[in-house]
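Letter by letter, the chains look like this.
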Amino acid sequence: MRLRFLLPLLFASACAAQQPADPDQDMSHMQHAHTHDGFMQGGMHHAIAQGVVLNAKTDGKSHIITLRIGPMPLPANTSHTKMPQPPDLVWTIPMTGWLLAYHPKLVDAAGNSVPGTVLHHVAFWNENRSDFLCPNKEEHIFGAGGELTDWAQIPGFGYRVEKGDQIRIETMIHNPTATSYEKVFLEISIPYADDATPAPVKNAYPAWMDVASCGNSGYDLPPGASKKTGTVPVKYSGVLLGVGGHMHDYGQQLTLEDSTAKDPVAVLPAKTDAQGHLISIPVVTFFQTGGYHFAAGDNLTITATYNNRTGKLLRNGAMGIVVGYFVPQDPTAFNNLRNPAKSAEHNMSQMSHDH
């Protein structure tokens, strides 16, 4: 079984109450004007792309939520530093239950496929929960890069959400190709299970292990061969179900090590093309054998290896993130990571302040 990027959660859905597919009447179209100062951006400042909105539809019959972000114009040969970027968008979770998988794709206005390489990255952050490894961050629940990797399934597990949870969607685009695209949409299909679904689902939580430790993920990439290492402490005992990773062009390898183990937890060699552009990063799964056990007090070390062949420093040109899902030994241990829901009035006030 393959797992992609952040290890999805999916189990065979049983029948549940069926509802027609309708646009969700919530704050899904809300935009946060910003200058991409999130942990994925490292404080970079960009022009804001105009007219980019989030459309969310829930199909109660198929138990699939479809998110559509766009339209985004992508002129040829434009780097992420020069491209106007979409504002942060907020998706309000429409039900209480579990998100089970994430299937991203890029299309044009006619529905034709657009190459994934124009997506620098997209990241979903749960504003109502803190990350269990880095409590200074919101919980990162989904991410994808230009590989447009698909989150495969882990039977019996899901990411628990509550109706009204606010999911901030942070998107960065670029176009390193010679082809311009007038209107591009990012579509993400999310199977889910609600509380009416008569099937056992265990809660699993995103594990975000970064060479920047608990700081901003992006960093400057020097010319030639380089390595960057970061460490995060484990505060809870439990098991890791598997890991994937995220790097940028010229990436060679990600390594995850546990302070109490002799051998690495995982070694993830990057696949690149002849020009050094990232194609894919493999995943390693542990759930088939009961998971990889961590104990409170362990320290995790993440190492990213690059070989920048451009001969120049690439500002914010690199990331090194190992990601997976973690099941705590004590199911109640993560209850205190939940934050009070942010109201629509709070978010509208934030929008006004940002403008």
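First, a word on scope: everything that follows refers to the structure included in this document. The shown structure was predicted, so the numbers you read here are calculated from the model rather than taken from an experiment.

1. Regarding the overall build of the chain
If you tally the helices and strands in the chain, you get one helix and 26 strands. Classification of the 355 residues of the chain by burial places 54% in the buried group. Sequence separation of 24 or more characterises 84% of the internal contacts of the chain that already satisfy a separation of 6 or more. As displayed, the chain offers around 14500 Å² of accessible surface, 52% of which is attributable to carbon and sulfur atoms.

2. Considering the environment of Gly-311
Mapped onto the fold, Gly-311 is located in the loop between strand E24 (299-308) and strand E25 (314-318). With a relative accessible area of 62%, Gly-311 lands in the exposed category.

3. Thoughts on the sheet that holds strand E18 (residues 251-258)
Taking strand neighbours across the sheet as the criterion, the four strands line up as E16-E24-E18-E19 in an open arrangement whose pairing is antiparallel. Strands at the two margins of the open sheet, each flanked by one partner only, are strand E16 (224-233) and strand E19 (266-269). Neighbour-to-neighbour, the strand axes of the sheet open up by a mean angle of 10°, direction not taken into account.

4. Brief notes about the packing of aromatic side chains
Centre-to-centre distance and the angle between the planes together describe a pair of aromatic rings. All told, the structure shown has 13 aromatic pairs when counted by the stated rule. A ring pair is formed by Tyr-102 and Phe-142, whose centres lie 4.7 Å apart and whose planes are at 15°; its orientation type is stacked. A residue pair is termed long-range when its members are at least 10 positions apart, and Tyr-102 in the loop between strand E6 (97-99) and strand E7 (103-108) and Phe-142 in strand E9 (residues 138-145) qualify at 40 residues. For Tyr-102, a relative accessible area of 1% translates into the label buried. Classification of Phe-142 by relative accessible area gives buried; the value is 0%. Over the ring of Phe-185 we find Arg-68; its NZ or CZ atom is 3.8 Å from the centre of that ring.

5. What about the pairing of strand E10 (residues 157-161)?
A large share of E10 lies buried, amounting to four of its five residues. Note: E6 against E10, three bridges, orientation antiparallel. Considered in E10, the bridge of Trp-98 is made with Arg-160. Bridge analysis of E10 against strand E13 (residues 202-203) gives two bridges, and the strand direction is parallel.

6. Section: the environment of Phe-157
Mapped onto the fold, Phe-157 is located in strand E10. Put simply, Phe-157 and Asn-203 are 46 residues apart on the chain and 5.9 Å apart in space, counted from C-alpha to C-alpha.

7. Observations regarding the environment of Asn-175
Turning to its location among the elements, Asn-175 is positioned in the loop between strand E11 (166-173) and strand E12 (181-194). For Asn-175, a relative accessible area of 0% gives the class buried. Apart from the residues lying within four places of it in its own chain, the contact partners of Asn-175 are Leu-74, Pro-75, Ala-76, Asn-77, Thr-78, Met-83, Val-118, Ser-180 and Tyr-181. At 2.6 Å, the side chain of Asn-175 forms a polar contact with the side chain of Thr-177.

8. So, the side chain of Asn-308
Turning to its location among the elements, Asn-308 is positioned in strand E24. Looking at Asn-308, the relative accessible area reads 2%, which means it is buried. A polar atom in the side chain of Asn-308 sits 3.3 Å from the backbone oxygen of Pro-222. Every residue in contact with Asn-308, bar those within four places of it in the chain, is listed here: Leu-221, Pro-222, Pro-223, Gly-224, Tyr-250 and Leu-314.

9. What about the state of the cysteines?
Using the criterion set out here, one finds one disulfide in the structure. Shown here is the disulfide that connects Cys-134 with Cys-214, its sulfur atoms set 1.9 Å apart. The S-S bond linking Cys-134 to Cys-214 shows a torsion near -75°; that makes this disulfide left-handed. Highlighted residues: Cys-134 in the loop between strand E8 (119-130) and E9 and Cys-214 in the loop between strand E14 (205-210) and strand E15 (219-221), separated in sequence by 80 residues.

10. Overview of the nonpolar core
By size, the foremost hydrophobic cluster in this structure holds 46 residues, and its most contacted members are Trp-91, Leu-99 and Phe-124. Broken down by element, the residue count for this core peaks at six residues, all from E12. Counting residues in hydrophobic clusters, the runner-up holds 37 residues, among them Ala-207, Ala-266, Tyr-292 and Leu-337.

Each value, and the rule that gives it
Residues numbered from 1 in each chain as written. Predicted model: local features only at pLDDT ≥ 70, side-chain atom pairs only at ≥ 80, totals over all residues. Heavy atoms only, no water. Helix = DSSP H or I, 4+ residues; strand = E, 2+ residues; numbered from the N terminus. Buried < 20%, exposed > 50% of the residue type's maximum accessible area, 1.4 Å probe, protein only. Contact = heavy atoms within 4.5 Å. Areas by Shrake-Rupley, 256 points an atom, 1.4 Å probe, with all protein chains shown as cover. Pairing = 2+ DSSP bridges. Axes fitted to C-alpha atoms, helices over the stretch in contact; angles between N-to-C directions. Phe/Tyr/Trp six-rings, centres within 6.5 Å; stacked < 30°, edge-to-face > 60°. Lys NZ or Arg CZ within 6 Å of the ring centre and 35° of its normal. Polar contact = N/O pair within 3.5 Å; in protein donor to acceptor, adjacent residues only side chain to side chain. Disulfide = S-S within 2.5 Å. Core = buried A, V, L, I, M, F, W, Y, C linked by side-chain atoms within 4.5 Å.

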